[in-house]
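# Observations on the model geometry
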Amino acid sequence: MSRRKGSKQLILDFFLSNLGKVVESREIQLASGGAVEWARRVRELRNEEGYQILSHKDRADLKPNHYLLETDKRLPAFKRNISKETRAWVLERNGYTCQMCGAAAGDADPFVPNRTVRLTMGHILDKSKGGDDSPNNLRAVCMSCNEGLANIGFPKPDRIHLLAQVRRATIDDQKALLEWLLKKFHTKITDKNLLSG
Ligand SMILES: [Zn+2]
């Protein structure tokens with residue numbers, strides 16, 4: 001028999017050609033070439049490859065034999081195979097700040113209105129170039145940078161220019177910065193702290 005597409009690829013092709021459309025389990029099985037384990041392949045597409053295939057467990061308006069793939073966008077890597085512990089460690093190390101644009105988790109997203117900054121795991125050496133999922137090859141990157149919305153990776157500011165910028169900032173902005181720094185370094189602002197020294 002000549003080599004043909006595996007059932008998982010056939011199922012993926014089927015979902016991708018029906019983006020945004022509810023499909024039924026028998027259609028998926030048919031598209032898979034009649035694979036007995038089609039449901040398992042669907043799970044693999046979700047859990048290992050990050051395709052956001054929705055079922056009745058995700059959306060109340062879907063029936064038990066209904067599936068829906070709304071987007072061909074796959075979930076960022078951390079949701080798939082980077083452990084929670086690794087992710088937490090990398091976020092902590094990077095100060096919950098995007099290492100490309102400097103946005104902090106929870107800030108207003110500078111690139112997408114009405115969205116707050118969410119951080120994901122980015123690879124320092126891309127996987128296509130042999131990079132792996134080890135903590136040393138990971139860094140916090142915001143969704144916008146991850147999606148390539150912010151094309152410019154700003155160079156890290158050097159200390160002299162950074163301090164100059166801070167000195168030129170308004171008192172309110174300086175206070176906001178101080179607050180952020182104290183929070184980052186786990187110190188609480190009290191009047192006493194602010195007044196002493
Ligand atoms: Zn960013």
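Scoring rules and cut-offs
Residues numbered from 1 in each chain as written. Predicted model: local features only at pLDDT ≥ 70, side-chain atom pairs only at ≥ 80, totals over all residues. Helix = DSSP H or I, 4+ residues; strand = E, 2+ residues; numbered from the N terminus. Buried ≥ 20, exposed ≤ 12 C-beta atoms within 10 Å, placed from the backbone. Contact = placed C-beta atoms within 7 Å. Pairing = 2+ DSSP bridges. Axes fitted to C-alpha atoms, helices over the stretch in contact; angles between N-to-C directions. Expected span 1.5 Å × (residues − 1). pLDDT = per-residue confidence, 0-100.

A tally of regular secondary structure across the protein chain gives nine helices and five strands. For the protein chain, the succession of helices and strands along the chain, N to C, is α-β-α-α-β-β-α-α-β-β-α-α-α-α. In the protein chain, which comprises 197 residues, the proportion classed as buried is 17%. Taking all contacts inside the protein chain whose residues are at least 6 apart in sequence as the whole, residues at least 24 apart take part in 53%.

Turning to the pairing of strand 4 (residues 119–123), a few remarks are in order. Of all five residues making up strand 4, four are buried, and the element is well covered by its neighbours. Note that strand 4 and strand 5 (residues 138–142) share five bridges and pair antiparallel. Residue pairing for strand 5: T120 is matched across the bridge by V141.

A few words now on the sheet that holds strand 3 (residues 66–74). Taken together, three strands build an open sheet; the order of strands is 1-3-2 and the sheet is antiparallel. Pairing within the sheet leaves two strands with one partner each, and these edge strands are strand 1 (22–24) and strand 2 (51–54). Within this sheet the neighbouring strands show an average axis-to-axis angle of 35°, counted without direction. When strand 1 meets strand 3, the two strands line up antiparallel, connected through three bridges. When the sheet's bridge partners are listed, V22 is paired in strand 3 with L68. Set on the sheet, helix 3 (residues 38–47) makes contact with strand 2 and strand 3; between it and strand 2 the angle comes to about 130°.

We now examine helix 8 (residues 171–184). In a regular helix each residue adds 1.5 Å, so 14 residues correspond to 20 Å; helix 8 covers 20 Å between its end C-alpha atoms and thus fits that length. The buried fraction of helix 8 is low, at zero of 14 residues. Among the residues trailing helix 8, H186 stands out with phi positive, at a value near 60°.

Quick look at the confidence of the model for the protein chain now. Scored by pLDDT, the protein chain has a mean of 83; 86% of the residues are at 70 or more. Mean pLDDT across the elements of the protein chain bottoms out in helix 4 (residues 77–80) (52) and peaks in strand 1 (95).

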